[in-house]
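Structural description and commentary
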Amino acid sequence: MTYPDYIYELCHVTYDMWNKGWDEYNGGNVSYRLTKEEASSIEADFAGTSYTYYAENRKEVEVLDVPEHIQGEYLLITASGSHFRTLCLQPHVDTGIIQLTPKGYQVVAGFVTGKRPTSEIFMHVLAHAARLKVDTNHRVVIHNHATNIVIYSLLDEVTSESLTLDLWSVLTESIVVFHDGIAVLPWEVPGTKLIGEDTARELETHRLVVWSKHGVLSTGRNYQDGFGLIETADKAAHIALELKRVSGKSLYENNVLSKSDLKKVCDVLGVEGKYLNDETIISQS
Ligand code: 2HA
Ligand code: ZN
């Protein structure tokens with residue numbers, strides 16, 4: 001029994017995130033937008049696997065007004081109540097493929113015990129819609145509770161500007177990996193349409209969004225892109241926290257990268273770094 005690659009890759013990424021401590025119990029959710037080719041061979045690809053393919057009588061589950069340009073797209077999505085520690089053992093139970101309709105979705109395969117897509121379905125649908133507008137190769141949306149980023153948002157009130165500059169200034173690779181910066185949303189109730197809409201708005205200009213006092217969300221062209229963005233931001237948050245703890249000083253009293261250092265990296269990359277044109281010293285925190 002073999003699965004299509006996008007199932008194996010989802011198994012790997014969910015297990016790796018659990019292993020990192022980012023997805024305790026039923027925390028986190030992931031979705032992947034199938035290519036046209038993958039979508040055209042779902043029935044054949046899952047024949048003989050533990051997934052059920054629902055050929056007929058698919059009911060439309062009404063959830064939200066799905067933006068027109070993503071109606072008809074197929075998403076592999078994790079289930080509400082799935083545990084990333086064990087998802088690999090039963091992907092047919094903990095994931096399913098849905099096709100987006102004008103008002104929601106139809107289940108095409110998987111969810112064999114009747115589980116439903118993640119409680120963050122609003123965000124996943126709206127996030128795919130937002131990123132597809134800026135990148136036709138966009139495919140993956142990942143949400144988890146990356147520990148150091150959560151700690152960071154609990155210590156101080158962070159903003160998109162303050163968090164982006166903090167994380168860029170402690171790890172040279174940060175600005176290379178997320179030169180578009182990190183958007184920060186204030187704390188909001190999870191699983192709501194509002195958090196989905198607010199996230200989607202930020203995704204028009206960022207690939208990475210922090211949900212203060214909750215977690216982080218990344219998007220990318222493949223699972224590795226999405227995982228790597230969070231891995232890099234979480235590593236930088238860890239360094240910043242340790243730097244403050246070890247030195248006993250505020251971040252910018254340490255020997256961190258300056259705005260002019262960061263601009264030099266942007267010049268090499270040929271990108272315009274956000275927030276770097278103001279010459280004032282980076283805000284103290
Ligand atoms: O999947 O992480 O935000 C559970 C959550 C909700
Ligand atoms: Zn969450």
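Residues numbered from 1 in each chain as written. Chains lettered and ligands numbered in written order. Predicted model: local features only at pLDDT ≥ 70, side-chain atom pairs only at ≥ 80, totals over all residues. Heavy atoms only, no water.

1. What about the site of ligand 1?
Around ligand 1, the neighbouring residues are Asn 26, Gly 27, Gly 28, Asn 29, Glu 120, His 143, His 145 and His 214. At a separation of 2.9 Å, an oxygen atom of ligand 1 approaches a polar side-chain atom of Asn 29. When the free accessible area of ligand 1 is taken as 220 Å², the share hidden by the protein chains comes to 83%. Considered class by class, the residues forming the shell around ligand 1 number no nonpolar, seven polar and one charged. (Near = heavy atom within 4 Å. Polar contact = N/O pair within 3.5 Å; in protein donor to acceptor, adjacent residues only side chain to side chain. Areas by Shrake-Rupley, 256 points an atom, 1.4 Å probe, with all protein chains shown as cover. Nonpolar A, V, L, I, M, F, W, Y, C, P; charged D, E, K, R; others polar.)

2. Here we look at the coordination of the zinc ion (ligand 2)
With distances of 2.1 Å, the protein atoms coordinating the zinc ion (ligand 2) are His 143 (NE2), His 145 (NE2) and His 214 (NE2). As a motif over one chain, the donors of the zinc ion (ligand 2) read H-x1-H-x68-H. Within this pair, whereas His 143 is found in strand β6 (residues 140–144), its partner His 214 is found in the loop between β8 (208–211) and β9 (215–220), the two being separated by 71 residues in sequence. (Donors = N, O, S within 2.8 Å, 3.2 Å for Na, K, Ca; no water. Helix = DSSP H or I, 4+ residues; strand = E, 2+ residues; numbered from the N terminus.)

3. Some remarks on the layout of surface pockets
Of the pockets and cavities examined, the largest pocket occupies roughly 230 Å³. Tyr 54, Asn 57, Arg 58, Lys 59, Val 61, Tyr 105, Val 107, Phe 111, Gly 114, Lys 115, Arg 116 and Pro 117 are the residues that line the largest pocket. Classifying every residue of the lining of the largest pocket gives six nonpolar, two polar and four charged. (1 Å grid on protein atoms, 1.4 Å probe; cavity = no way out; pocket = protein on both sides within 12 Å on 5 of 7 lines; lining within 4 Å. Points joined across faces, edges and corners; volume = space filled by probe spheres on them.)

4. Points about the side chain of Asp 94
With respect to the element layout, Asp 94 can be found in helix α4 (residues 91–94). A relative accessible area of 1% places Asp 94 in the buried class. Within the local environment of Asp 94, its side chain forms a polar contact with the side chain of Gln 90, the two groups lying 3.0 Å apart. Setting aside chain neighbours within four positions, we find Asp 94 in contact with Ile 77, Thr 78, Ala 79, Ser 82, His 83, Leu 87, Phe 111 and Lys 115. (Buried < 20%, exposed > 50% of the residue type's maximum accessible area, 1.4 Å probe, protein only. Contact = heavy atoms within 4.5 Å.)

5. Digging into the packing of aromatic side chains
Inspection of the entire model under this criterion finds eight aromatic pairs. Grouped by ring-pair contacts, the aromatic residues Tyr 3, Tyr 6, Tyr 8, Tyr 32, Phe 46, Tyr 51 and Tyr 223 constitute a single cluster. (Phe/Tyr/Trp six-rings, centres within 6.5 Å; stacked < 30°, edge-to-face > 60°.)

6. As for the pairing of strand β5 (residues 104–110)
For β5, the tally of buried residues reaches six of seven residues, placing the bulk of the element in the interior. Connecting the antiparallel pair strand β4 (residues 95–100) and β5 is a turn made up of three residues. (Pairing = 2+ DSSP bridges.)

7. Things to note about the pairing of strand β1 (residues 29–33)
For β1, the tally of buried residues reaches five of five residues, placing the bulk of the element in the interior. Side chains of β1 alternate between two faces, with Asn 29, Ser 31 and Arg 33 and Val 30 and Tyr 32 buried alike. With four bridges joining them, β1 and β6 adopt antiparallel strand pairing. Paired with Asn 29 across the strands is His 143, a residue of β6.

8. What about the nonpolar core?
It is characteristic of soluble globular proteins that their nonpolar side chains tend to be buried jointly. By size, the foremost hydrophobic cluster in this structure holds 56 residues, and its most contacted members are Tyr 6, Leu 34, Ile 42, Leu 76, Ile 97 and Tyr 223. If one sorts the elements of this core by residue count, helix α10 (residues 223–247) sits on top with nine residues. Other than its neighbours up to four places away in sequence, Leu 76 contacts Tyr 6, Ile 7, Leu 10, Val 30, Ser 31, Tyr 32, Leu 34, Thr 95, Gly 96, Ile 97 and Tyr 223. Listed in part, the 28 residues of the second largest apolar core include Phe 122, Leu 185, Val 209 and Leu 217. (Core = buried A, V, L, I, M, F, W, Y, C linked by side-chain atoms within 4.5 Å.)

9. Remarks on the environment of His 179
In this fold, His 179 is placed in the loop between α8 (172–177) and β7 (182–185). Along the primary structure His 179 and Leu 241 are separated by 62 residues, whereas in three dimensions their C-alpha atoms are 21 Å apart. Ignoring sequence-local partners within four residues, the contact set of His 179 consists of Trp 168, Ser 174, Arg 207 and Val 271.

10. With respect to unusual backbone geometry
Phi is positive for Tyr 25, which is not a glycine, with a value near 45°. Assignment of secondary structure puts Tyr 25 in the loop between α1 (5–19) and β1. Taking relative accessible area as the criterion, Tyr 25 reaches 62% and is therefore assigned exposed. Notably, Phe 111 is not glycine yet its phi reads approximately 45°, a positive angle. Mapped onto the fold, Phe 111 is located in the loop between β5 and α5 (121–134).

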